[in-house]
Amino acid sequence: MTENFDSRLNSDALLLTGFRDLADAYTRLSASGDPQRRGKDFEHLLQRAFQLAHFEVELNPRIAYPRQTDLSARYGDRRYLLEAKWQAAKADVDVLGGLRDRLRRTSPDVVGVLVSISGFTGTLVEEVSRERQPPILLVDQEDLLNALREPTTLPGLLRAKQEALITHGQVHLGESRRAHAATRRPDRALPTRDLHLRDACGEQHPYLTVPGGFAPVVFATAATNVDWSFGRGRGVCLDIPIQAHTAADLIRLIHGLDELGLASARPTWALQQNDTSWFGIGAGELIQALDDAQQRMAEPAAPHHSEQLVYCDTTLGGLYTLTAIIAAAEPSPARQQADECTPSSSQRNRTPAPLLVSQCQISFPALRWMPQPCVTSTTDSERRTTSTSATWTSRRSRSAGLINNQ
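The sections below set out a description of the structure shown in this document. Everything numeric in this text was worked out from a predicted model, so none of it was measured. (Residues numbered from 1 in each chain as written. Predicted model: local features only at pLDDT ≥ 70, side-chain atom pairs only at ≥ 80, totals over all residues. Heavy atoms only, no water.)

Examining the overall build of the chain
Counting secondary structure elements, the chain contains 14 helices and 17 strands. Taken across its 406 residues, the chain has 42% of its residues classed as buried. In the chain, 71% of the contacts between residues at least 6 apart in sequence involve partners at least 24 apart. Accessible surface for the chain amounts to roughly 21,600 Å². Of this, 49% is attributable to carbon and sulfur atoms. (Helix = DSSP H or I, 4+ residues; strand = E, 2+ residues; numbered from the N terminus. Buried < 20%, exposed > 50% of the residue type's maximum accessible area, 1.4 Å probe, protein only. Contact = heavy atoms within 4.5 Å. Areas by Shrake-Rupley, 256 points an atom, 1.4 Å probe, with all protein chains shown as cover.)

Below you can see the structure in the form of structure tokens.
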């Protein structure tokens, strides 16, 4: 089984099948009964993830010779030395000492990265925060799972960890961020909708459930023409990929749009499964539907575990859309085995798995670029005209740029 896994992991086929396979490979590794072989396969998995993120990666390099090193990676002028640990116990200061010894044998610009599936002891975290030279970045299981789902986030993840460590002496770990996000939501109230949905009997609902299917469409309360002519000008569509990994990230994004003045009282949205669709009006109602989706997808008899979101709002004289794929997190093999031995009544009372988000994007259609000649003076003897200037619909483009930083 491990030989087939290893050959598949090192084949070019994995590069063609998309990012989901990395997370699937990690799940299979979790069920391995050979810790030594699992450690080697884990190094190959990390190598592939960094390659997909466009790093130059070397397995078992001689960068710290004669000390053995798991991986070295390079991204532009940034160089990393990686140590990977998949053990039952949390990584402690002895592991940290070994990595620092390797770093002392390399160039001063090399940054250490310690990956530990079981996490880190408090003593190790405090030592990394206290002694920042050479910097050592800690990557836990939550960080790794996010990177395996979307390897292109790796450069930004490492850069953010290094900046927090060097500038503020803070060690950022995925598990602590996830726990914080799960217990805290923005306090700011979203705009209250001024339109309401009613069923055939006249009863009001936060959203309506109807038969449907997957489709990247949403209804509108008014017809907005996004293809109008600009005359001598030009029109473009600005698509911004968003690094949202969970439903909590999506909720914070919606609040961020409101803080930027990009939320109205009449946003329309649709959540669609293979045979059912949910339609609503209002940002707060969408958040309620996301909470309901977590419970809905946790049902053992749920036929589908992914939904497509399309959210549309009009603001600043135009419109924008927010799209994403929302899916239930796949349970670990250990949890699946536990569920098989657990009565159905107990399963219904368990905490639902978090919702995962992928392919999140905001689109601003038809931003304007309009040449504007400007005459500064006109007399009978002299006519002076300034060169043509180009102006964007600046507020909309500035707001779009800020969204990407949420």
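Section: helix 8 (residues 154-168)
Under the 1.5 Å per step criterion, the end-to-end length of helix 8 is 21 Å for 15 residues, consistent within 8% with the ideal 21 Å. Taken together, the buried positions of helix 8 are occupied by Leu154, Pro155, Leu157, Leu158, Lys161, Gln162, Ala164 and Leu165. Looking one or two residues beyond helix 8, the residue adopting positive phi is Gly169, at roughly 65°. (Expected span 1.5 Å × (residues − 1).)

A look at unusual backbone geometry
Residue Pro134 follows Gln133 across a cis peptide bond; omega there is -5°. When you line up the elements, Pro134 lands in the loop between helix 6 (122-130) and strand 5 (136-139). With a phi angle near 70°, His54 is a residue other than glycine that sits in the positive phi range. Note on placement: His54 falls in the loop between helix 4 (35-52) and strand 1 (56-59).

Quick look at the pairing of strand 10 (residues 268-272)
Among the five residues of strand 10, five are classified as buried, and the element is accordingly described as predominantly covered. Across the two faces of strand 10 the burial is the same, with Thr268, Ala270 and Gln272 and Trp269 and Leu271 all buried. Hairpin connection of strand 10 to strand 11 (residues 276-281): three residues between the antiparallel strands. The pairing of strand 10 with strand 12 (residues 306-315) spans five bridges and is classified as antiparallel. Along strand 12, the bridge assignment pairs Trp269 with Tyr311. (Pairing = 2+ DSSP bridges.)

Observations regarding the sheet that holds strand 4 (residues 110-116)
The strand order across the open sheet formed by five strands is 1-2-3-4-5, and the pairing between neighbours is mixed. Each edge of the open sheet is held by one strand with a lone partner, namely strand 1 and strand 5. When strand polarity is set aside, the average angle formed by the axes of neighbouring strands in this sheet is 20°. Pairing geometry for strand 2 (residues 71-75) and strand 3 (residues 78-85), over five bridges, is antiparallel. Bridge assignment links Arg74 to a residue of strand 3, and that residue is Arg79. (Axes fitted to C-alpha atoms, helices over the stretch in contact; angles between N-to-C directions.)

Re the packing of aromatic side chains
Considering all chains together, one arrives at eight aromatic pairs under this definition. When the centroid spacing of 5.1 Å and the interplanar angle of 80° are considered together, the rings of Phe42 and Trp86 count as edge-to-face. Of the two residues, Phe42 sits in helix 4 while Trp86 sits in the loop between strand 3 and helix 5 (93-103), which places them 44 residues apart along the sequence. With respect to burial, Phe42 and Trp86 carry one shared label: buried. (Phe/Tyr/Trp six-rings, centres within 6.5 Å; stacked < 30°, edge-to-face > 60°.)

Observations regarding the environment of Asp143
In this fold, Asp143 is placed in helix 7 (residues 141-149). Overall, Asp143 belongs to the buried group, its relative accessible area being 1%. Looking at Asp143, its side chain comes within polar contact range of the side chain of Lys161, at 2.9 Å. (Polar contact = N/O pair within 3.5 Å; in protein donor to acceptor, adjacent residues only side chain to side chain.)

With respect to the pattern of salt bridges
As enumerated under the stated definition, the model contains 12 salt bridges in all. Among the salt bridges present, the one from Glu83 reaches Arg102, with a minimum N-O distance of 4.0 Å. Within this pair, whereas Glu83 is found in strand 3, its partner Arg102 is found in helix 5, the two being separated by 19 residues in sequence. Considered together, Glu83 and Arg102 belong to a single accessibility category, that of buried residues. (Salt bridge = Lys/Arg side-chain N within 4 Å of Asp/Glu carboxyl O.)

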